[in-house]
Amino acid sequence: MGNKTSTAADAKGLSAVVSGERSETGPLKIEKVTTSPIDGQKPGTSGLRKKTKVFAETDNYLENFVASTLFAVGAGQGTDAVELGSTGQSLLIGGDGRYYNDVAIQKIVKIGAAMGITRFWIGKDGLLSTPAVSSIIRERGPAWQKPFGAFILTASHNPGGPEEDFGIKYNCGNGGPAPEGLTDAIFENTKVISEYITCPDFPEVDLSTVGTTVVSDEFRTVTIEVIDSTETQVNLLKTVFDFDQIKTLLDREDFSMVYDSMHGVNGPYAKKVLVDVLGQDESTCVNAEPKDDFGGGHADPNLTYAKELVETMGLDKTGAKIDVGDRKVPTFGAAADGDGDRNMILGTQFFVTPSDSLAVIAANADKIPFFARQGGLKGVARSMPTSGAVDLVAKELGFDLFETPTGWKYFGNLMDSKEIYKGKDYTPFICGEESFGTGSNHVREKDGIWAVLAWLQILAASNTDSSKPLVTVEDIVTEHWKKYGRNYYCRWDFEGVDKAKATEMMDKMRKAVKKNTGRKMGEYTIKVSDDFTYVDPVDKSISKQQGIRFLMTDGSRVIFRLSGTAGSGATVRMYIEQYQGDKSKLDLKVSEALEELVKVALELCDIKTFCGTETPTVIT
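Values in this document were obtained by computation on a predicted structure and should not be read as measured data. Each chain has its residues counted from 1, running along the sequence as written. Where totals are concerned, whole chains, interfaces and linings use all residues; where local detail is concerned, this predicted model gives features only for residues with pLDDT of at least 70, and gives and counts side-chain atom pairs only at 80 or more. Excluding hydrogens and water, the side-chain figures rest on all heavy atoms present in the structure.

**Topic: the overall build of the chain**
So, step 1. For the purposes of this entry, the term helix denotes a DSSP run of H or I that reaches at least four residues, the term strand denotes a run of E that reaches at least two, and both are numbered from the N terminus. Helix and strand counts for the chain stand at 22 helices and 27 strands.
So, step 2. Counting only C-alpha atoms and orienting by the principal axes, one finds that the chain spans roughly 80 × 60 × 45 Å.
So, step 3. Burial classes: relative accessible area under 20% of the type maximum marks a residue as buried, over 50% as exposed, and values in between as partly exposed (1.4 Å probe, protein chains only). Within the span of the chain, comprising 620 residues, buried residues form 60% of the whole.

Next up, the structure:
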């Protein structure tokens, strides 16, 4: 289904849906609604994100996008609508619980039912983490009911609430985000849509109770199944990890942990795994109750926004140690974002960068049963802005290595190379992004709780003898640096800047790439300056303008990107990386190690001139 595309302007496709015998009254009565295109509905790397008020107060804003998406995936074609109705395939719906999720779910069901979908699976209370959506698509049966796709109602790590952000994304039948060809088709549909259909009298779906509801008339039947939000995902994780070994670690007197779900959707998953399955005290899970505004906070698991956890772990927002007095700091800390696909890992007064986390997990993949029983890890991938720490592991251990644009869909293609494209099998596979996203081929999304369990598994496997001192997070990372060297790395985010000015700045750097190649700046010489282009080795698609890179002769890198995940305004991301192989220089402060390279980066972009500031809102 996900590879078929059609156009909302295709009147034949629309009339095919509403033709034939239909009730003119009752819950499945179909009504045409006249609409018009709305500017700016181009899905980004993670769907469509705007201020909540745009979705809630702009006539037909959500409806246009949903209808355009269903046309693009084929549900709006007459033949495909019949196919879905006869096979019983499902449309999966869920989200991170942010404000407006409940309203959006009801609207999607009404449009989907009108367009021929006969079965819906919806997470209890409307809640489904993004990785759980992927696992349900791939794992939950029976096979004839498996979802052809899913709508995920999330703006990920962006703030939630009436004045904040809302988002919607579509995932395909492989469990992964819509590929570029499909998102392009969706966008084209939004530019020409003139009407959509809905079932205005379809009864309100009760999301509070797991169970099945059937809505029917004399011509057709629609089945709504409200499903347990955590069951499929947790059962899958049990097959990936050795929970008994992890429990032995967690039960040690010299081990303690805290997992901060930041009032996002991850809370129920964290409690299910750590409390119900692994028998830990509920105090292990903090901020575990999902709230539609994330408790008024910013559910982004980094040193800036996960303030409560960072302080608990004895650090400040720069990752530096703070005075904790006599207070006992937990051995292990982790945080999740709004939709549960991101993670942050901390040890006692020690921050693990996402790039280092990816590299450490890859280097220790043989300790995780999912990889061990398949003969070991075969491939790794990172987004282009992510540090090259995992590259060193891949070279040492002989893994296939890929550098992709930012966006999990590129990793999904590599995971599905054999299954879908009949190409080389790169699995078992681990991948990650510097933006606190890590995962493997167990699903087709990044998976925050998977990363936390991966670290707990590595720690458990490193501490099988309880009579010996505990091997800590810091021990594992510092030993990794001694073997592979350290990639000093940071990302500066300039949030909420004027989009036109930020685009002008990027365009100026883009035009100067040839001129900057070979340029000497302070102690650095630019070996290559370019605008990253990715040729997908699986489907041969080409992705251009994925980030402006300055690659230095000593291996250091400076990269600039405009983020596609902001709800309003623009976010300029500046990435700084410098490799250090000297074992006597592995414990420098990141700010000191990168001080000169940061100066070079600010001179290259001249962001103060274009955007009025060179002070970042977030440093990670």
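What follows picks up the thread again.
**Details of the sheet that holds strand β2 (residues 48-51)**
So, step 1. Any two strands between which DSSP finds at least two bridges are classified as paired. Spatial ordering of the open sheet is given by β2-β6-β5-β3-β4-β9-β8, a layout of 7 strands whose pairing is mixed. Two strands lie at the open edges of the sheet, namely β2 and β8 (211-216), each paired on one side alone. Averaged over all pairs of adjacent strands, the angle between strand axes in this sheet comes to 15°, irrespective of strand direction.
So, step 2. Two elements, β2 and strand β6 (residues 165-171), share 4 bridges in a ladder whose sense is antiparallel. Residue pairing in the sheet places Arg 49 in a bridge with Gly 167 of β6. Fitting a line to C-alpha atoms yields each axis, with helices limited to the stretch in contact; the angle taken between N-to-C directions then spans 0 to 180 degrees.

**Details of the environment of Ala 365**
So, step 1. Inspection of the secondary structure puts Ala 365 in the loop between α12 (354-363) and α13 (369-372).
So, step 2. Whether two residues are in contact is decided by their heavy atoms, any of which lying within 4.5 Å being enough. Apart from the residues within four sequence positions on either side, Ala 365 is in contact with Phe 371, Leu 377 and Ile 430.

**Digging into the UniProt feature "domain: Alpha-D-phosphohexomutase alpha/beta/alpha" (unreviewed entry) in the chain**
So, step 1. The positions that UniProt labels "domain: Alpha-D-phosphohexomutase alpha/beta/alpha" (unreviewed entry) are, in the present scheme, residues 41-195, 247-346 and 356-484.
So, step 2. In the segment residues 247-346, helix accounts for 22% and strand for 15%; the C-alpha atoms at its two ends are 19 Å apart. UniProt positions are given in the numbering used here, feature names are shortened, and annotations may be inferred rather than shown by experiment.

**Overview of the packing of helix α14 (residues 389-397) against helix α17 (residues 473-484)**
So, step 1. At a minimum axis distance of 11 Å, the contact between α14 and α17 shows a crossing angle of 65°. Where α14 crosses over α17, the two elements pack in a sense that is left-handed. Across from Leu 392, Val 393, Glu 396 and Leu 397 in α14, the residues of α17 making contact are His 480, Lys 483 and Tyr 484.
So, step 2. The residue inventory of the contact of α14 with α17, partitioned by class, reads 4 nonpolar, 1 polar and 2 charged. Two helices cross in a left-handed way if the nearer one is turned anticlockwise from the farther one by less than a right angle. They cross in a right-handed way if the turn is clockwise. When residues are sorted by character, Ala, Val, Leu, Ile, Met, Phe, Trp, Tyr, Cys and Pro go into the nonpolar class, Asp, Glu, Lys and Arg into the charged class, and all the rest, Gly among them, into the polar class.

**Overview of the packing of aromatic side chains**
What characterises a pair of aromatic rings is the spacing of the ring centres plus the angle enclosed by the ring planes.
So, step 1. Each Phe, Tyr or Trp ring (for Trp, its six-membered ring) is paired with any other whose centre lies within 6.5 Å, and the angle between the two planes then decides the class: stacked below 30 degrees, edge-to-face above 60, tilted in between. In total, this model carries 14 aromatic pairs according to the counting rule given.
So, step 2. On the basis of an interplanar angle of 70° and a centroid distance of 4.9 Å, the ring pair of Phe 55 and Phe 166 is categorised as edge-to-face. Taken together, the residues span a long stretch of sequence, with Phe 55 in helix α2 (residues 52-57) and Phe 166 in strand β6 at a distance of 111 residues.
So, step 3. Given a relative accessible area of 0%, Phe 166 falls into the buried group.
So, step 4. Over a ring means this: the NZ of a Lys or the CZ of an Arg is within 6 Å of the ring centre and within 35 degrees of the ring normal. It is Arg 140 that lies over the ring of Trp 121; its NZ or CZ is 4.5 Å from the centre.
So, step 5. We note Arg 486 situated over the ring of Trp 481; from NZ or CZ to the ring centre the distance is 3.9 Å.

**Focus: the pairing of strand β15 (residues 379-383)**
So, step 1. Burial analysis of β15 places 5 of its 5 residues in the buried class, the great majority of the element.
So, step 2. Neither face of β15 is left uncovered, since the one carrying Gly 379, Ala 381 and Ser 383 and the one carrying Val 380 and Arg 382 both have all their residues buried.
So, step 3. Bridge analysis of β15 against strand β16 (residues 400-404) gives 5 bridges, and the strand direction is parallel. Across the sheet, residue Gly 379 finds its bridge partner in β16, namely Asp 400.
So, step 4. Handedness of the β-α-β unit built from β15, α14 and β16 comes out right-handed.
So, step 5. With 4 bridges connecting them, β15 and strand β17 (residues 429-433) associate as parallel partners. Within β17, the residue paired with Ala 381 across the bridge is Cys 431. A right-handed crossover is one whose linking path, passing over the helix from the first strand to the second, runs clockwise when the strands point away from the viewer.

**With respect to helix α9 (residues 243-250)**
So, step 1. Of the residues making up α9, those classed as buried are Phe 243, Ile 246, Leu 249 and Leu 250. Buried positions in α9, seen along its axis, are confined to an arc of 115° and lie on one side of it. Residues of α9 that are exposed and angled more than 90 degrees away from the buried face: Asp 244 and Thr 248.
So, step 2. Packed against the buried residues of α9 are α8 (231-240), β10 (257-260), α10 (266-277) and α16 (448-461).
So, step 3. Here α9 starts with a cap whose side-chain oxygen sits 3.2 Å from the backbone nitrogen of Asp 244, and that cap is Asp 242. Note: the arc covers the axis-to-C-beta directions of the helix. For the purposes of these results, a polar contact is taken to be a pair of N or O atoms within 3.5 Å, where, inside protein, one atom must be able to donate a hydrogen and its partner to accept one; residues adjacent in sequence count only when each atom of the pair is a side-chain atom.

**Overview of the pattern of salt bridges**
Oppositely charged side chains are able to pair whenever their charged atoms sit close together.
So, step 1. Salt bridge, as used here, is a side-chain nitrogen of Lys or Arg placed within 4 Å of a carboxyl oxygen of Asp or Glu. In total, this model carries 33 salt bridges according to the counting rule given.
So, step 2. The salt bridge partner of Asp 201 is Lys 29, with a shortest N-O separation of 3.3 Å. Of the two residues, Asp 201 is situated in the loop between β7 (195-198) and β8 and Lys 29 in the loop between α1 (11-18) and β1 (31-34); the sequence distance between them amounts to 172 residues.
So, step 3. A relative accessible area of 43% places Asp 201 in the partly exposed class.
So, step 4. Residues Glu 403 and Arg 382 are paired through a salt bridge, measuring 3.2 Å at the closest nitrogen-oxygen approach. Of the two residues, Glu 403 sits in strand β16 while Arg 382 sits in strand β15, which places them 21 residues apart along the sequence.
So, step 5. Classification of Glu 403 by relative accessible area gives partly exposed; the value is 25%.

**What about the domain arrangement of the chain?**
So, step 1. The assigned domain composition of the chain is domain 1 (31-228), domain 2 (233-484) and domain 3 (486-619).
So, step 2. Residue ranges assigned to each domain were obtained from an automatic or database domain assignment. For domain 2 versus domain 3, the distance between C-alpha centres works out to 26 Å.
So, step 3. Opposite the 29 residues of domain 2 that make contact, domain 3 presents 26 residues.
So, step 4. Summed over the shared surface of domain 2 and domain 3, the number is 3 salt bridges.
So, step 5. The salt bridge partner of Glu 434 is Arg 491, with a shortest N-O separation of 2.9 Å.
So, step 6. Listing elements by their share of the side of domain 2 that touches domain 3, those giving two or more residues are α14, β16, α15 (408-415) and α17.
So, step 7. In terms of residue class, the side of domain 2 that touches domain 3 is built from 13 nonpolar, 11 polar and 5 charged.

**Points about empty space enclosed by the protein**
Empty space among the atoms can be located by rolling a probe the size of a water molecule over them.
So, step 1. Definitions used throughout: a 1 Å grid over protein atoms alone; a cavity as a set of points that fits a 1.4 Å probe which cannot get out; a pocket as an open set with protein on both sides within 12 Å along at least five of seven lines; a lining residue as one with an atom within 4 Å of a point. Grid points are joined across faces, edges and corners, and a volume is the space filled by probe spheres set on the points. For the structure on display, the rule yields 4 cavities of 30 Å³ or more.
So, step 2. Space inside the second largest cavity adds up to approximately 100 Å³.
So, step 3. Residue lining of the second largest cavity: 14 residues in total, with Gly 47, Lys 169, Tyr 170, Ala 178 and Thr 183 positioned closest to the centre.
So, step 4. Where the lining of the second largest cavity is concerned, the elements lending two or more residues are α3 (61-73), β6 and α7 (180-190).
So, step 5. Looking at side-chain class alone, the lining of the second largest cavity contains 6 nonpolar, 6 polar and 2 charged residues.

**A few points about α15**
So, step 1. Most of α15 is tucked away: 8 of the 8 residues are buried.
So, step 2. For α15, the set of buried residues is Trp 408, Lys 409, Tyr 410, Phe 411, Gly 412, Asn 413, Leu 414 and Met 415.

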